[in-house]
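# Summary of the model geometry
Below, each chain spelled out in residue letters.
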Amino acid sequence: MIQIDEYTPIVGQSVIDDLKLLAEKLKGRTVQHINSTSVGGGVAEILNRMVPLLRELGVDTKWDLIKGGEQFFEVTKKFHNVLHGRKEEVSQRDFDIFMETSSKNIEEINTYGDIVFVHDPQPIALVKKRGNNKWIWRCHIDVSNPHQKVWDFLKDFIIQYDSAVFSAPGFSQKLPIRQFLISPSIDPLSDKNKDLPQETIDAVLNKYGIVPDKPIITQISRFDRLKDPLGVIEAYRQVKRYIDCQLILAGGAASDDPEGIQVLEEVMARAKGDPDAHILLLPQNDIEVNALQRASTVILQKSLKEGFGLTVAEALWKAKPVVASHVGGIPLQVKHKYSGLLCRSVEGAAFAIKQLLNSPEYSRRLGENGKEHIRNNFLLTRHLRDYMLLFLSLYHPEDVVNL
Amino acid sequence: MAELIRAKEPFRFSTRLHLSELTGMRAATLGQLLELIKVVPGASIYHHTHRFLQQHQYLSPEPPNDFAFWVGGILGENELAERLASIDTIQYSSIRELREKIVATIEEYLEGNAMAKLKFSRSEEEFHFIKSVSFILPTNYQAYDLKEFAEVLKKITIDSIYFHVFESRLRLEKKTNDFSYWVETSLGDGKLANEIAKLDPYTYTLENLRKTLIRIIEKRI
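Residues numbered from 1 in each chain as written. Chains lettered and ligands numbered in written order. Predicted model: local features only at pLDDT ≥ 70, side-chain atom pairs only at ≥ 80, totals over all residues. Heavy atoms only, no water.

## Quick word on the overall build of chain A
Selection rule: The way it works is that DSSP assigns letters per residue, a run of H or I at least four long becomes a helix, a run of E at least two long becomes a strand, and they are numbered from the N terminus. We take the radius of gyration over the C-alpha atoms and set the globule estimate at 2.2 Å times the residue count to the 0.38 power. When accessible area is computed with a 1.4 Å probe and restricted to protein chains, residues below 20% of their type maximum are described as buried, those above 50% as exposed, and intermediate ones as partly exposed. In this analysis, two residues are considered to be in contact whenever any of their non-hydrogen atoms come within 4.5 Å of each other. Note that accessible areas follow from Shrake-Rupley with a 1.4 Å probe, and for residues the cover is restricted to the protein chains shown.
Along the backbone of chain A there are 15 helices and 13 strands. Relative to the globule expectation of 22 Å for 403 residues, the C-alpha radius of gyration of chain A, 22 Å, shows essentially globular dimensions. For chain A, the spread of C-alpha atoms along the principal axes amounts to about 65 × 50 × 35 Å. Here chain A holds 403 residues, and the buried ones make up 57% of them. In chain A, of all internal contacts separated by at least 6 residues, the share reaching a separation of at least 24 is 70%. Here chain A displays about 16700 Å² of accessible surface, and carbon together with sulfur accounts for 50% of that area.

What follows is the structure, encoded as structure tokens:
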């Protein structure tokens, strides 16, 4: 298991010292995380890394799960989709199913934490059993344009919490409770982000028939229309008219997502006949993703909608010049012309890629700025710090807190 | 080499960590931005004029404030953006004064550029008002003389330097920065105190500010 001191060479001793100082201020308080799954999905991934580190720092941290059957999770999946703006019918029966399971969880789960930290909508109703302890609701999804009926239903619970946490400013809503902005983070020591030996990178390029001596434009994302893979191919084509280059479009497609498979087929058809366009359906293989990012000349994230877009942080952490859409949490990671280039169209993306390929010195500077920006703002250590400050804020309503 | 003066009371280094609190207030036009700047909490004015400095500490010199960045980058009002970015923050000793200056700058611009009020940002590019909640923590570092002081400066986080140089002066309205105050009152070195106070910290990256402070102090040892 990774120890907190292993982050010292990356972020500096003083950052780790600050974490230890903060942890001391939380002595004697128990933080109880509650979500719906211990494996799979972003929330479980981050808790699996954070909980042991918080414990090592001395914060008494527990992690409990709610229970639910297939029907319940179908409903919460539907909530998730419509909160993201997808059109689906939500019936009274759905709300009833949600409340039936929630009532059982309210009966069965002991909410013993001094601070109860509830993640996402699935366990949201547990707040009905709140006592004198403090409650936080962490929203990991983009609710900038939520389905009104579902949002109103959830809001009745949210307002019973002490504070809510969102990942981007645009996700916040008018609420009578305190709302904090805490961005997600990447772990620089994970397989997806750690340094790799050149041989590993070369082996991955070799495996997929990618040549190292021709510029590589890469987008890593699952095959989903919201990631605009066809737009990526179009932008690449516009660049290729002037600069001989390769494209890597790599990602997974969930087998239970028929639309994903259809999108992949369309992408394959569009790229057909071009030996420089590499469409890779990767199984979950973090080292390969890492190697492909490190081998790239420019990294693209041409999404039409994004929750946060941590693939951008991953690319910047590797000091790569990035061209990314101005959506979701991406503008927090890329300041246009400082730490990458933002775009709003296929043509804009193609133009930015050409600029970067033709100006290696400019690209290098953007990449280096980007890496420092990630080091200061989007690594796991910053996330740990923000969570500890959030816990402390529950006991300090003022704007300047002397600890 | 003259013997170093040893203070009776050491300089105790604190650090300041911040958490961003969302206010739920947002602006899509220059008019809305102006009205909200007048009423948001001081902690929000502070956030938008200082956050960039901390989050983009490798960019230098003179990182723009958030208002300037939005007005220029999103509304395309480059002249106003330049005027906002060049507000000489160091001149103002309170958030209230700084807020008044920002308001006056925008109002003056609108008088001569009424059309600027008609521009809208796209919904995903609205200006969101955020405020900084500051947590001030004492660290284990302290210094009795300039040598120890310079040594600690090499080790502490830039958050700590930031706190003693920016936050204590403007947000806590202490008139001068903490370093100058201690050097003058505890070591009696008015010349050095003045030299530190004269730095315009807004025109350095935080790392360069650290190096400059160390250099000035080591010259005096």
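## So, the domain arrangement of chain A
Residues and elements named next belong to chain A. To be explicit about the condition: Boundaries between domains were set according to an automatic or database domain assignment. Buried area is understood as the total, over both parts, of accessible area removed when two parts are fitted together, assessed with a 1.4 Å probe. Here, a salt bridge means any side-chain nitrogen of Lys or Arg that lies within 4 Å of a carboxyl oxygen of Asp or Glu.
In terms of domain boundaries, chain A breaks down into domain 1 (4-185 + 379-393) and domain 2 (198-377). When each unit is reduced to the centre of its C-alpha atoms, the spacing between domain 1 and domain 2 is 30 Å. Across the contact, 14 residues belong to domain 1 and twelve residues belong to domain 2. The contact between domain 1 and domain 2 buries some 1000 Å² in all, and 62% of this surface belongs to carbon and sulfur atoms. The largest contributions to the domain 1 side of the interface with domain 2 come from Ile10, Pro184 and Leu379, which together make up 37% of the buried area. Where domain 1 touches domain 2, the interface holds one salt bridge.

## A closer look at the environment of A:Gln293
All names here are of chain A. Note on placement: Gln293 falls in helix 10 (residues 286-295). With relative accessibility at 1%, the residue Gln293 sits in the buried group. Leave out the neighbours within four places in its chain, and Gln293 touches Lys192, Ile220, Ile299, Thr311, Glu314, Ala315, Lys318 and Lys320.

## Looking at unusual backbone geometry
Residue and element names in this part refer to chain A. With a phi angle near 65°, Asp120 is a residue other than glycine that sits in the positive phi range. Given the relative accessible area of 9%, Asp120 is considered buried. Positive phi, normally seen in glycine, also occurs at Asp228, with a value near 50°. Considering the arrangement of structural elements, one finds Asp228 in the loop between strand 7 (216-220) and helix 8 (229-240). On the basis of relative accessible area, Asp228 is assigned to the buried category, the value being 15%.

## Examining the pairing of strand 5 (residues 163-166) of chain A
Residues and elements named next belong to chain A. Rule in force here: A pair of strands is considered paired only if DSSP assigns at least 2 bridges between the two. A crossover gets the label right-handed when its path from the first strand over the helix to the second runs clockwise, viewed with the strands pointing away from the viewer.
Residues of strand 5 alternate between two faces, with Ser163 and Val165 on one and Ala164 and Phe166 on the opposite face, all of them buried. Pairing between strand 4 (residues 134-138) and strand 5: three bridges, direction parallel. Residue pairing in the sheet places Ile136 in a bridge with Ser163 of strand 5. Crossover connection from strand 4 via helix 6 (residues 148-158) to parallel strand 5: handedness right-handed. Relative to strand 6 (residues 178-181), strand 5 runs parallel, the two being bridged by four bridges. Residue Val165 lies in a different strand from strand 6, and its bridge partner there is Phe180.

## Digging into the sheet that holds strand 11 (residues 322-325) of chain A
Residues and elements named next belong to chain A. Under the convention used in this document: Axis lines are fitted through C-alpha atoms, for helices just across the contact stretch, and the angle between N-to-C directions can take any value from 0 to 180 degrees.
Spatially, 9-8-7-10-11-12 is the arrangement adopted by the six strands of the open sheet, whose pairing is parallel. At either end of the open sheet lies a strand with only one pairing partner, and these are strand 9 (277-281) and strand 12 (341-343). This sheet shows a mean twist of 20° between the axes of neighbouring strands, independent of strand direction. Two elements, strand 10 (residues 298-301) and strand 11, share three bridges in a ladder whose sense is parallel. By the bridge assignment, Ile299 is partnered in strand 11 with Val322. On the sheet, helix 10 packs against strand 7, strand 8 (246-251), strand 9 and strand 10 and is oriented at approximately 145° with respect to strand 7.

## Let's talk about the pattern of salt bridges
Residue and element names in this part refer to chain A. In this structure the tally under the stated criterion is 45 salt bridges over all chains. Across the salt bridge formed by Asp94 and Lys78, the nearest N and O atoms sit 2.9 Å from each other. Of the two residues, Asp94 sits in helix 5 (residues 92-108) while Lys78 sits in helix 4 (residues 70-83), which places them 16 residues apart along the sequence. The same class applies to Asp94 as to Lys78, namely buried.

## Concerning the packing of aromatic side chains
Residues and elements named next belong to chain A. This is how the line gets drawn: Ring pairs are drawn from Phe, Tyr and Trp, using the six-membered ring of Trp, whenever the two centres fall within 6.5 Å, and their geometry is named by plane angle: stacked under 30 degrees, edge-to-face over 60, tilted for the rest. Whether a charge sits over a ring comes down to the Lys NZ or Arg CZ being within 6 Å of the ring centre and within 35 degrees of the ring normal.
Within this structure, the stated rule accounts for 28 aromatic pairs over all chains. Ring plane angle 70° and centroid distance 6.0 Å describe the contact between Trp135 and Tyr161, whose orientation is recorded as edge-to-face. Of the two residues, Trp135 sits in strand 4 while Tyr161 sits in the loop between helix 6 and strand 5, which places them 26 residues apart along the sequence. A connected cluster of aromatic rings, assembled from ring pairs, spans Phe72, Phe73, Phe79, Phe95, Phe98, Phe153 and Phe157. The ring of Tyr395 has Arg29 lying over it, and the distance from NZ or CZ to the ring centre is 3.7 Å. One Lys or Arg, Lys371, reaches over the ring of Trp317 and ends 4.6 Å from the middle of that ring.

## Concerning the domain arrangement of chain B
Split by domain assignment, chain B resolves into domain 1 (25-131) and domain 2 (141-220). The centre of domain 1 of chain B, based on its C-alpha atoms, is set 28 Å off from the matching centre of domain 2 of chain B.

## As for helix 4 (residues 78-85) of chain B
Residue and element names in this part refer to chain B. Spelled out, the test is: Working definition: the arc comes from the directions between the helix axis and the C-beta atoms, pointing outward to the latter.
All of the buried residues in helix 4 are Leu80, Ala81 and Leu84. Seen from one end, helix 4 has its buried residues packed into an arc of 105°, which puts them on one side. In helix 4, those exposed residues whose orientation departs by more than 90 degrees from the buried face are Asn78 and Glu82. Buried positions along helix 4 lie against helix 1 (30-39), helix 3 (66-73) and helix 5 (95-112).

## Overview of the environment of A:Tyr362
Residue and element names in this part refer to chain A. Its location among the elements puts Tyr362 in helix 14 (residues 360-377). Sequence spacing of Tyr362 and Pro321 is 41 residues, and the spatial spacing of their C-alpha atoms is 8.8 Å. If sequence neighbours within four positions are ignored, Tyr362 has contacts with Lys337, Leu341 and Leu356.

## Here's the deal with the pairing of strand 6 of chain A
Every second residue of strand 6 of chain A is oriented toward a common face, with A:Arg178 and A:Phe180 on one face and A:Gln179 and A:Leu181 on the other, all of them buried. As paired elements, strand 6 of chain A and strand 1 (residues 11-27) of chain B share three bridges and run antiparallel to each other. Considered in strand 1 of chain B, the bridge of A:Gln179 is made with B:Leu22.

## Details of the side chain of B:Lys131
The condition that has to hold: Polar contacts, as used here, are pairs of N or O atoms within 3.5 Å; protein pairs need one atom able to donate a hydrogen and one able to accept it. Residues neighboring in sequence count only if both atoms are side-chain atoms.
If you trace the backbone, B:Lys131 turns up in strand 2 (residues 127-143). Among the polar contacts made by the side chain of B:Lys131, one reaches the side chain of A:Asp399 at a distance of 3.0 Å. Among residues more than four places away in sequence, those in contact with B:Lys131 are A:Asp399, B:Leu19, B:Ser20, B:Glu21, B:Thr23, B:Pro41, B:Ala43, B:Ser44 and B:His47.

## A few points about the packing of helix 6 (residues 146-155) of chain B against helix 8 (residues 178-187) of chain B
Residues and elements named next belong to chain B. Convention followed: Angles are sorted into four bins: roughly parallel if under 35 degrees, roughly antiparallel if over 145, roughly perpendicular if 65 to 115, and oblique for all others. Here is the rule for handedness: rotate from the far helix to the near one, and if that takes an anticlockwise turn smaller than a right angle the crossing is left-handed, while a clockwise turn gives right-handed. Side-chain classes follow a simple rule in which Ala, Val, Leu, Ile, Met, Phe, Trp, Tyr, Cys and Pro form the nonpolar group, Asp, Glu, Lys and Arg form the charged group, and the remainder, Gly included, forms the polar group.
Two elements in contact, helix 6 and helix 8, have axes whose closest approach is 12 Å; the angle formed by their N-to-C orientations is 165°. The angle between helix 6 and helix 8 places the two elements in the roughly antiparallel class. Crossing geometry of helix 6 relative to helix 8 is assigned as right-handed. Of the residues in helix 8, those touching helix 6 at Leu146, Phe149 and Leu153 are Phe179, Trp182, Val183 and Leu187. Each residue belonging to the contact of helix 6 with helix 8 can be placed in one class, and the counts come to seven nonpolar, no polar and no charged.

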